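Examination of the molecular architecture
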Amino acid sequence: MINGIKIEICIGNLNDALIASKYPIDRIELNCALELGGLSPSLETLKAVKDKISTPVCTMVRPRGGDFIYNDIEFETMLKDAKNFLEAGSDGIVFGFTTKDLNIDIKRTKEMVELIHSYNKEAVFHKAFDVINDQEKGIKELIDLKIDRILTSGKADYSNILEGCQRINNLHKKYGEKIQLLPGGGVRIHNIKDVVNTCDTHQVHMTSKKENPGGYLELDTDQLEKLLKELQTI
């Protein structure tokens, strides 16, 4: 935490999680395949991370790229993945379900939340929240479903998260006592202070990444240090 701001970083592999844990990071969102927007990591990756670091870890459950409309087999597999991650010590599960008409999938979200909360862990609804038609309606539904936190850019695209920050702030003012809002999706060195100050949610999600010569995305520690330095000036 820096200046009262809780920091979550999105990580795509084991080595980067170990490196990130050496910085003042409050929480890791563990994924694989960041180049696809982040997918479920392997169970053994989570186990290795939990064995080697003390930083809380929320684990992504997303079986493929693309939309968040899953068939029955995909959904059942996601529940099994989530259970395995929880059994392995994950501090939370990050997921999202929408319907074909781009509303919250109430039934499936309820089932996933009940599983997560049976382990007394955090249920986090990811940026599927940004593709639904009505975020005001959606946040009320997620509160009723007992979601702990929503990752959102306020419907802004990655090139300009600031366009969504006022929307996040408005939702936070109305519902912040009932659910956490975590701004993320396009947080960069040049805008992180404006994101934090405008949203006023006292937490931020970022992905400090660069392309590895091998063709995958990895942690950019130079960028991360600059991001953290910016937070120190708030």
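Residues numbered from 1 in each chain as written. Predicted model: local features only at pLDDT ≥ 70, side-chain atom pairs only at ≥ 80, totals over all residues. Heavy atoms only, no water.

To continue, consider the overall build of the protein. The helix and strand inventory of the protein stands at eight helices and ten strands. With respect to the principal axes defined by its C-alpha atoms, the protein has extents near 45 × 40 × 30 Å. A burial count over the protein gives 52% of its 234 residues as buried. Pairs at least 24 apart in sequence give 64% of the contacts found in the protein among residues at least 6 apart. Put simply, the protein shows about 10600 Å² of open surface, and 47% of that area lies on carbon and sulfur atoms. Here the protein holds 31 positive side-chain charges and 36 negative ones, and the gap between their average locations is 2 Å. (Helix = DSSP H or I, 4+ residues; strand = E, 2+ residues; numbered from the N terminus. Buried < 20%, exposed > 50% of the residue type's maximum accessible area, 1.4 Å probe, protein only. Contact = heavy atoms within 4.5 Å. Areas by Shrake-Rupley, 256 points an atom, 1.4 Å probe, with all protein chains shown as cover. Lys, Arg positive; Asp, Glu negative; His and termini not counted. Charge placed at Lys NZ, Arg CZ, Asp CG, Glu CD.)

Throughout the structure, instances matching the rule amount to one cavity of 30 Å³ or more. Put simply, the largest cavity is a space of about 30 Å³. Taken together, Cys10, Ile11, Gly12, Asp16, Leu34, Ser208, Lys209, Glu218 and Leu219 form the lining of the largest cavity. Looking at the lining of the largest cavity, the elements that each hand over two or more residues are strand 1 (6–11) and strand 10 (217–219). (1 Å grid on protein atoms, 1.4 Å probe; cavity = no way out; pocket = protein on both sides within 12 Å on 5 of 7 lines; lining within 4 Å. Points joined across faces, edges and corners; volume = space filled by probe spheres on them.)

Once that is clear, we can look at the pattern of salt bridges. Scanning the entire structure with this criterion turns up 13 salt bridges. Close ionic contact of arginine 108 with aspartate 72 constitutes a salt bridge, the shortest N to O distance being 2.7 Å. Here arginine 108, found in helix 4 (residues 106–118), pairs with aspartate 72, found in helix 3 (residues 72–87); they are 36 residues apart in sequence, far enough to count as distant. Take arginine 108: its relative accessible area is 13%, and that puts it in the buried class. Taking the shortest distance from any N to any O, the salt bridge between lysine 193 and glutamate 230 comes out at 3.9 Å. Residue lysine 193 is located in helix 7 (residues 192–199), and its partner glutamate 230 is located in helix 8 (residues 221–232); the two are separated by 37 residues in the primary sequence. (Salt bridge = Lys/Arg side-chain N within 4 Å of Asp/Glu carboxyl O.)

All right, on to unusual backbone geometry then. Unusually for a residue other than glycine, asparagine 120 sits at a positive phi of about 60 degrees. Checked against the element boundaries, asparagine 120 lands in the loop between helix 4 and strand 5 (122–125). Note on asparagine 120: relative accessible area 72%, which makes it exposed. Even without being a glycine, lysine 155 presents a positive backbone phi close to 75 degrees. With respect to the secondary-structure elements, lysine 155 resides in the loop between strand 6 (149–152) and helix 6 (162–175).

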